[in-house]
2 protein chains.
Amino acid sequence: MCVMHSLIHECLHGVPSEVETIARDEGLVPRQAARAVARGRIAVLANPVRPHRIAAVGEGCRVKVNVNIGTSGQRCDPVLEMEKGRAALAEGADALMDLSTGGDLQAIRKEILTLDAPVGTVPIYEAVRRAGNVTDVDADLLFRVIREHCKQGVDFLTLHCGVNLQALDALKSDPRIMGVVSRGGSFHVAMMLSSGEENPLYAEFDYLLEILADTGVVISLGDGMRPGCMQDAERHAKATEYLTLGRLAKRSLDAGVQRMIEGPGHIPITQVGYNVKMIKELTDDAPLYLLGPLVTDIGAGYDHVVGAIGGAIACMNGADFLCMVSPSEHLALPDVQDIIEGTRVACLSAHIGDLARDPKGHYMQREVQMAEARRRLDWDEQFKLALFGERAKAVHVRDGETETCSMCGDLCALKIVDKLLPAPDVTPKKEE
Amino acid sequence: MCVMHSLIHECLHGVPSEVETIARDEGLVPRQAARAVARGRIAVLANPVRPHRIAAVGEGCRVKVNVNIGTSGQRCDPVLEMEKGRAALAEGADALMDLSTGGDLQAIRKEILTLDAPVGTVPIYEAVRRAGNVTDVDADLLFRVIREHCKQGVDFLTLHCGVNLQALDALKSDPRIMGVVSRGGSFHVAMMLSSGEENPLYAEFDYLLEILADTGVVISLGDGMRPGCMQDAERHAKATEYLTLGRLAKRSLDAGVQRMIEGPGHIPITQVGYNVKMIKELTDDAPLYLLGPLVTDIGAGYDHVVGAIGGAIACMNGADFLCMVSPSEHLALPDVQDIIEGTRVACLSAHIGDLARDPKGHYMQREVQMAEARRRLDWDEQFKLALFGERAKAVHVRDGETETCSMCGDLCALKIVDKLLPAPDVTPKKEE
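Residues numbered from 1 in each chain as written. Chains lettered and ligands numbered in written order. Predicted model: local features only at pLDDT ≥ 70, side-chain atom pairs only at ≥ 80, totals over all residues. Heavy atoms only, no water.

Where an unreviewed UniProt entry is consulted, chain A appears under the name Phosphomethylpyrimidine synthase, with the organism given as Methanosphaerula palustris. Heading Cofactor (unreviewed entry) of the UniProt record for chain A holds this comment: "[4Fe-4S] cluster". (UniProt positions renumbered as here; feature names shortened; annotations may be inferred.)

Turning next to the packing of helix H6 (residues 123-131) of chain B against helix H9 (residues 183-195) of chain B. Residues and elements named next belong to chain B. Put simply, H6 and H9 touch, their axes get as near as 9 Å, and they point 50° apart. Taken together, the axes of H6 and H9 lie oblique to each other. Every pair of crossing elements has a handedness; the one defined by H6 and H9 is left-handed. When H6 is examined against H9, the residues Ile124, Tyr125 and Val128 are found in contact with a partner set consisting of Arg183, Gly184, Phe187, His188 and Met191. Grouping the amino acids of the contact of H6 with H9 by side-chain chemistry returns five nonpolar, two polar and one charged. (Axes fitted to C-alpha atoms, helices over the stretch in contact; angles between N-to-C directions. Helix = DSSP H or I, 4+ residues; strand = E, 2+ residues; numbered from the N terminus. Parallel < 35°, antiparallel > 145°, perpendicular 65-115°, else oblique. Left-handed = near helix turned anticlockwise from the far one by under 90°. Contact = heavy atoms within 4.5 Å. Nonpolar A, V, L, I, M, F, W, Y, C, P; charged D, E, K, R; others polar.)

Attention now moves to the relation of the copies chain B and chain A. Least-squares fitting of chain B to chain A yields an RMSD of 0.0 Å, with the superposition described by an axial translation of 0.0 Å and a rotation of 180°. The superposition operator between the copies reduces to a two-fold rotation axis. For chain B, the smallest separation between a C-alpha atom and the rotation axis is recorded for Ile309 of chain B, amounting to 2.4 Å. Most of the interface of chain B is mirrored in chain A, where 100% of its interface residues are also at the interface. (Least-squares fit on C-alpha atoms with pLDDT ≥ 70 in both.)

Glancing now at the side chain of Thr215 of chain B. All names here are of chain B. Its location among the elements puts Thr215 in the loop between helix H11 (205-213) and strand E7 (218-221). Residue class for Thr215 comes out buried when judged on its relative accessible area of 15%. Here the side chain of Thr215 touches Leu212 through a polar contact of 2.8 Å, landing on its backbone oxygen. Polar side-chain contacts of Thr215 include one of 3.3 Å to the backbone nitrogen of Val217. (Buried < 20%, exposed > 50% of the residue type's maximum accessible area, 1.4 Å probe, protein only. Polar contact = N/O pair within 3.5 Å; in protein donor to acceptor, adjacent residues only side chain to side chain.)

All names here are of chain A. Of note, Gly60 is situated in the loop between strand E2 (55-58) and strand E3 (64-69). Judged by its relative accessible area of 48%, Gly60 falls in the partly exposed class. With 41 residues separating them in the primary sequence, Gly60 and Val19 have C-alpha atoms 13 Å apart. In contact with Gly60, other than residues within four places in its own chain, are Glu26, Leu28 and Arg357.

Glancing now at the pairing of E3 of chain A. Residue and element names in this part refer to chain A. Across the six residues that make up E3, a large majority, five, are buried. Bridging between E3 and strand E10 (residues 321-323) involves three bridges; their strand directions are parallel. Each residue of the ladder has a partner; that of Lys64, found in E10, is Phe321. With four bridges joining them, E3 and strand E4 (residues 95-98) adopt parallel strand pairing. When the sheet's bridge partners are listed, Asn66 is paired in E4 with Ala95. Between the parallel elements E3 and E4, the chain passes through helix H4 (residues 78-90) in a crossover that is right-handed. (Pairing = 2+ DSSP bridges. Right-handed = clockwise from strand over helix to strand, strands pointing away.)

Residues and elements named next belong to chain A. Mapped onto the fold, Gly311 is located in helix H14 (residues 303-316). With a relative accessible area of 0%, Gly311 lands in the buried category. On a C-alpha basis, the gap between Gly311 and Leu212 in space is 29 Å, while along the polypeptide they are 99 residues apart.

Right, let's get into the interface of chain B and chain A. Of the residues lining the interface, 106 residues belong to chain B; the matching set on chain A comes to 106 residues. Considering only the side of chain B, the residues that lose the most area to chain A are Ile177, Ile298 and Tyr302 of chain B, jointly responsible for 10% of the buried surface there. Counting across the chain B and chain A interface gives ten salt bridges. Close ionic contact of Asp297 of chain A with Arg374 of chain B constitutes a salt bridge, the shortest N to O distance being 3.9 Å. Per-class residue counts for the side of chain B that touches chain A are 61 nonpolar, 22 polar and 23 charged. (Buried area = accessible area lost by both parts, 1.4 Å probe. Salt bridge = Lys/Arg side-chain N within 4 Å of Asp/Glu carboxyl O.)

Time to look at the sheet that holds E3 of chain A. Residues and elements named next belong to chain A. Spatially, E3-E4-E5-E6-E7-E8-E9-E10 is the arrangement adopted by the eight strands of the closed barrel, whose pairing is parallel. Each strand of the sheet is rotated relative to its neighbour by a mean of 25°, with strand direction disregarded. The pairing of strand E9 (residues 288-291) with E10 spans three bridges and is classified as parallel. Residue pairing across strands places Leu290 opposite Leu322, the latter belonging to E10.

Bringing the sheet that holds E7 of chain B into the picture now. All names here are of chain B. Sheet architecture is closed into a barrel: eight strands sit in the order E3-E4-E5-E6-E7-E8-E9-E10, paired in parallel fashion. Along the sheet, successive strands turn relative to each other by an average axial angle of 25°, direction set aside. In the packing of helix H4 (residues 78-90) onto the sheet, the strands contacted are strand E3 (64-69) and strand E4 (95-98), and the crossing angle to E3 comes to about 165°.

When the terminal C-alpha atoms of H9 of chain B are compared, their 19 Å separation across 13 residues agrees well with the 18 Å that a helix rising 1.5 Å per residue should span. Burial within H9 of chain B is extensive, with ten of its 13 residues counted as buried. Those residues of H9 of chain B not exposed but buried are Arg183, Gly184, Gly185, Ser186, Phe187, His188, Val189, Ala190, Met191 and Met192 of chain B. Along its buried surface, H9 of chain B packs onto helix H19 (413-420) of chain A together with H6, helix H7 (139-152), helix H8 (165-173) and helix H10 (200-203) of chain B. At the exit of H9 of chain B stands Gly196 of chain B, carrying a positive phi of roughly 75°. (Expected span 1.5 Å × (residues − 1).)

With that settled, consider the pattern of salt bridges. What the rule picks out here adds up to 54 salt bridges over all chains. A cluster of three or more residues bridged by salt bridges with shared partners is formed by Arg109, Glu126, Arg130 and Glu148 of chain A.

Turning our eyes to something else, we now look at the pairing of strand E1 (residues 42-45) of chain B. All names here are of chain B. Going residue by residue along E1, you find Ile42 and Val44 tucked away on one face and Ala43 and Leu45 tucked away on the opposite face as well. Where E1 lies against strand E2 (residues 55-58), four bridges are found, and the strand directions are antiparallel. Within E2, the position partnered with Val44 by the bridge is Ala56.

Ile146, Leu208 and Ile309 of chain A together with Ile146, Leu208 and Ile309 of chain B are the most contacted members of the largest nonpolar core, which totals 196 residues. What Ile146 of chain A contacts, discounting residues up to four positions off in sequence, is Pro123, Leu157, Leu159, Leu201, Leu208 and Ile211 of chain A. (Core = buried A, V, L, I, M, F, W, Y, C linked by side-chain atoms within 4.5 Å.)

For the rest of this paragraph, the subject is unusual backbone geometry. Residues and elements named next belong to chain A. Gly292 connects to Pro293 through a cis peptide bond whose omega is -5°. Structurally, Pro293 is set in the loop between E9 and H14. The phi dihedral of His330 is positive, around 75°, even though this residue is not glycine. Structurally, His330 can be placed in the loop between E10 and helix H15 (336-357).

With that settled, the discussion passes to the state of the cysteines. The full count for this structure, using the stated rule, is zero disulfides over all chains. Residue Cys76 of chain A stays outside any disulfide, its sulfur separated by 14 Å from that of Cys408 of chain B, the closest cysteine. Overall, the relative accessible area of 38% leaves Cys76 of chain A in the partly exposed class. Among the cysteines around Cys315 of chain B, which has no disulfide bond, Cys347 of chain B carries the closest sulfur, lying 11 Å off. On the accessibility criterion, Cys315 of chain B (0% relative accessible area) is buried. (Disulfide = S-S within 2.5 Å.)

Structure, rendered in structure tokens:
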């Protein structure tokens with residue numbers, strides 16, 4: 001196999017410049033970051049053909065947030081999608097996925113790739129659009145599309161390699177109310193049921209790895225069998241796919257291809273912890289990328305909050321990368337305001353996850369600084385330290401700019417106690 | 001002790017009508033519900049002097065949501081507070097607390113008590129207002145106010161009995177950045193520091209219990225020492241108060257007085273589970289009422305989401321009653337829109353908690369019905385089953401009323417798979 005750009009191989013012998021960059025961003029020791037990349041514990045989203053802000057996902061890294069944008073057949077407005085992409089990045093998103101299915105897909109992608117962030121795609125969408133019909137997609141077309149995305153500068157590709165005949169058998173023998181809710185997953189199921197043949201992404205996985213090893217693009221092993229409702233969470237298709245993804249994760253690493261794993265969709269809150277831990281176990285702690293998880297199915301309109309609850313618990317148990325769920329999930333393509341709200345809440349969940357993953361680390365310093373600013377009733381400092389400072393300020397000043405807030409006024413507990421008990425000096429704790 | 005109306009004592013010998021009511025509401029066996037009340041595992045919020053919709057909190061009951069309303073010195077508009085109360089109940093709140101500190105407190109409370117819901121108060125607020133100065137509050141005034149609240153029809157009283165000299169010692173010897181953030185807690189700290197004497201609610205706890213045993217009012221043992229920031233969560237004051245509340249919970253039950261425990265405020269997500277379990281252990285599984293918990297301090301403006309994340313995890317570990325945190329928490333007195341947003345998100349968190357507390361119970365049925373409606377693309381049924389049906393519908397129809405949604409259009413996974421794989425009949429599972 002001719003490896004032109006395998007970060008994994010480079011990391012065996014030194015510290016490539018991409019790893020220097022992410023080590024600086026994350027506060028990691030460069031040599032240790034390189035080892036984590038070599039062991040597949042960190043994935044670096046950095047297609048070398050496109051210069052842009054890169055990002056790392058995994059062990060020791062800040063939890064990252066991805067935001068999905070893209071046209072649909074029903075609502076195709078590429079200018080709006082660019083606006084959504086910019087809004088997401090302005091609100092703190094670390095990466096974007098272009099999930100476009102309507103309009104000129106290559107032109108839209110080219111435009112989105114001008115944004116200064118890692119970008120992911122799902123090549124099967126374009127293959128289906130080009131074939132005209134899902135059952136007319138063949139392996140050659142799919143691999144051609146994948147190659148094109150890599151060359152165009154996409155950083156990570158969701159490929160549903162685990163949606164194979166074995167998973168389909170599990171789906172049939174242990175059926176689910178919602179069947180398959182992953183769009184890409186449903187395409188591969190339709191292709192297998194139509195042809196009777198194995199999913200080419202699974203059957204020709206070595207060939208796929210050759211394409212990717214040549215390009216430095218990260219494979220995100222898609223969870224096409226993710227459950228689509230609470231009741232489906234315990235059915236066998238999901239865990240069957242976990243096992244497959246575990247084997248494919250190892251084959252990817254052995255071939256020098258960086259990979260992430262995509263995790264479950266709709267699962268009860270009590271099952272989030274063990275699902276995350278099981279995926280981590282089966283994949284030798286590969287970086288885990290989650291949509292949600294959604295921990296109830298009746299929250300439509302507030303699914304961004306449902307996802308934030310599931311996501312925070314997932315991070316506490318080891319998840320590394322959260323995909324924003326928009327308030328319009330299950331209802332409509334998000335608009336710009338949905339993207340803003342959803343991104344904020346996802347970033348909040350990721351920060352809570354960071355505190356859980358590294359309780360004594362530098363994330364806690366900002367918490368301590370905020371507590372000190374609150375104790376001093378130093379509002380300007382609070383707005384500076386807050387994740388959503390402008391919104392916080394707008395709420396605070398609506399009742400006038402006063403020393404305390406309009407909730408308690410002069411009966412402010414902090415004001416009362418501050419006179420009686422001195423604030424401790426916590427400065428030494430900041431140096432820990 | 002002359003016990004005029006002790007639900008606990010009545011439950012030792014039969015099933016009082018209030019318990020019949022809550023057993024019907026909750027789907028419990030009346031005799032078992034009565035035993036749970038007698039053992040202090042369920043608290044019934046039902047002051048007999050005021051006819052209104054009652055509610056139960058605790059073992060086997062749906063997680064309840066309280067919403068705080070009330071004037072402040074800086075923003076005193078009793079009409080607005082009534083509007084907020086009605087909005088909260090319309091959005092699904094189970095109880096209200098009147099935390100007014102501005103204006104004619106008795107008149108405002110009288111008005112709020114006309115609403116058809118359990119109402120709680122914090123009597124120390126009124127005592128401070130009547131004394132003019134916190135250090136002028138004496139035991140007689142405080143007990144007089146408590147008696148008046150009970151007679152007026154208040155259903156539960158937050159009383160910071162655990163803010164005693166021992167807790168104050170813990171606060172001094174193991175200081176916290178934020179000191180005391182509970183408003184009531186800060187009043188008692190100020191009183192103790194001024195007088196050098198024990199908190200009368202602790203010193204004369206037996207007398208307090210006599211007042212309450214006469215009235216059927218529930219005591220909510222306040223968490224005046226709750227931590228006010230992440231960094232303070234591990235300091236000793238909090239756990240010192242837990243131990244005191246555990247002893248007072250037993251004394252309340254022995255005196256025939258129903259009680260709840262109030263739990264921690266700001267704590268990292270990794271500490272939520274063991275804090276809840278520890279309180280439950282120390283209080284012999286008394287009903288647990290939580291504000292938040294807030295699992296980060298830098299989310300101002302989105303603290304309703306921060307509280308929803310902490311609340312769902314708290315419920316998963318045994319919490320019974322969530323106090324809504326508004327989006328304006330730490331910034332300003334909430335307006336009506338804050339109350340609506342906050343109540344919705346708190347109810348969502350409580351529902352997720354219900355699923356966790358009773359995974360095979362009837363909460364799951366609505367989830368199953370939603371999944372079936374989604375599978376059928378039956379939008380009207382989805383809006384009927386959704387927690388926020390009107391909002392969900394408004395989002396869905398903005399791109400036109402179509403068979404699928406504007407996210408995927410004709411590439412809808414459900415539509416593709418539905419043609420290929422039959423939906424399983426899950427009806428038997430609904431009968432479980």
